[in-house]
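Remarks on the overall topology
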Amino acid sequence: MTADLGHLVADHDIVVCTGSGGVGKTTTAAVIALEGARAGRKTVVVTIDPAKRLADALGLEGLTNTPSRIEGDWPGELWALMLDTKGTFDDLVTKHATEPGQAERILGNRFYRNISGALSGTQEYMAMEKLYELHEEHDFDLVVVDTPPTRNALDFLDAPRRLTRFLDHRLYRVVMAPTRGIVKAVGVATQAFLRSVSRVVGGDVVGDAITFFQAFDGMEQGFKDRAQRVLELLTHPTTAFVLVTAPRPDVVNEASYFADRLAEGGITIRALIVNRIHPRFTNRSATELRALAETRHGTELADLLTNLADFAALADTEERHLEGLTARVAPAPVVRVPFLAHDVHDLDGLATVGSWLFSPDD
């Protein structure tokens, strides 16, 4: 039938599903997690997509930032959650506070409340933090992550490095240095810069930002150490990256770009899953089928052969679209999942997709 991806749940502690939006990535993540539970592992699947597709696929009303258990007749356990960026940031601040009252000062700061859920890159870093938390601080055997669409997923992978670069940036050090009085400690140029910013966004905003950074003093190393451990976790042999795509040219191009970026980062793709492949009902070529249809001109069989030829031609086109991508991810197995009769919205639907991902070759 198809390649067996059982090694994903048997040999890895983390599986990261990546790819463009709308290609079935969330469903794939849920299917892999379900297989983990069926293999006897305590598994959790987390989405950082605010849409409720994961909850729908699991047949749940909704998900929170805390793992919820899904009951079923499997020897392991299946849990699921949806990332709450601000809630995760709040927990991280509390965790890294170095003195009494520090966390409360930060959590109550207006600047922090504004950026904790909206600042560019915050969601991606908090997703990494949640991944680390689930892997290191809970007793899950397998963590399956559904990432944002491809370009954002690159931010997801780079988030730990960007946080470290920010904390090491000269401007950040300038703002942090004067915990004993910012305007007196910084140079004339920085004072002029702050006055300019104040005129644009308001003095209160700048004041809140300064207060936030001062309250943050002493926590940087904890964040940097955590970011480094996350990077090590992403490149560890027990972490598997799965690329999910569809056979459309634009989506394949996006997946190829992402495969190249992963390779540049030294990350190997462990499986390529191509969803919504058009079926090929015969091994005969489209040309051969059209020729046979001509010999049965005017009959119902001719119409059937023409339809078969159309499907064969479409399947050939899709395979041509995939050629460059499959070469990029080799020797990773490539699994083709056909169009299904119904949308996946419950555990039975997940099991149907799972039969394509986790069945040995016939």
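Below is a short write-up of the structure. Predicted, not measured: the structure shown is a model, and the values here were computed from it.

1. Points about the environment of Asp91
Relative to the helices and strands, Asp91 resides in helix α4 (residues 85-96). Under the relative-accessibility criterion, Asp91 is labelled partly exposed at 42%. Along the chain, Asp91 and Ala103 lie 12 residues apart, while their C-alpha atoms are 9.4 Å from each other.

2. Structural notes on the packing of α4 against helix α7 (residues 122-136)
Here α4 crosses α7 at 65°, and the two axes come no closer than 9 Å. Once α4 is placed against α7, the crossing between them reads as left-handed. On α7, the residues that touch Thr85, Thr88, Phe89, Leu92 and Lys95 of α4 are Thr122, Gln123, Tyr125, Met126, Glu129 and Lys130. Broken down by class, the residue content of the contact of α4 with α7 amounts to 4 nonpolar, 4 polar and 3 charged.

3. A short note on the sheet that holds strand β1 (residues 14-19)
Strands sit in the order β3-β4-β2-β5-β1-β6-β7-β8 across an open sheet of 8 strands; the sheet is mixed. The open sheet has two edge strands, β3 (68-70) and β8 (334-338), and neither has a second partner. Direction aside, the axes of adjacent strands within the sheet are offset by 25° on average. In the sheet, strand β2 (residues 42-47) pairs with strand β4 (residues 77-82) via 6 bridges, with the strands oriented parallel. Following the sheet pairing, Val45 is matched in β4 by Ala80.

4. Re the nonpolar core
Judged by nonpolar contacts, the single largest core of 40 residues is most densely connected at Leu58, Val144 and Leu357. When residues in this core are grouped by element, the largest group, 7 residues, is from helix α2 (residues 25-38). If you look at the next biggest cluster of nonpolar residues, it comprises 32 residues, including Leu81, Leu234, Phe241 and Ile267.

Quick notes on the rules
Within every chain, residues take consecutive numbers counted from 1 along the sequence as written. Thresholds applied to this predicted model are a pLDDT of at least 70 for local features of residues and 80 or more for the giving and counting of side-chain atom pairs; totals over whole chains, interfaces and linings are not thresholded and use all residues. Side-chain numbers come from the whole structure's heavy atoms, not from hydrogens or water. Under the scheme used here, helices are H or I runs from DSSP no shorter than 4 residues and strands are E runs no shorter than 2 residues, and both carry numbers assigned from the N terminus. Categorising residues by exposure relies on relative accessible area from a 1.4 Å probe, with only protein chains included: less than 20% of the type maximum marks a residue as buried, more than 50% marks it as exposed, and the intermediate range marks it as partly exposed. Note on method: axes are straight lines fitted to C-alpha atoms, helices fitted across the in-contact stretch only, with angles between N-to-C directions ranging 0 to 180 degrees. Handedness of a crossing is defined here by the sense of rotation of the near helix relative to the far one, left-handed for an anticlockwise turn of less than a right angle and right-handed for a clockwise turn. Contacts are assigned to residue pairs with any non-hydrogen atoms lying within 4.5 Å of each other. Any residue that is not Ala, Val, Leu, Ile, Met, Phe, Trp, Tyr, Cys, Pro, Asp, Glu, Lys or Arg is counted as polar, Gly included; the first ten are nonpolar and the last four charged. By this definition, two strands are paired if DSSP reports at least two bridges between them. Residue types Ala, Val, Leu, Ile, Met, Phe, Trp, Tyr and Cys, when buried and joined through side-chain atoms within 4.5 Å, form a set referred to as a nonpolar core.

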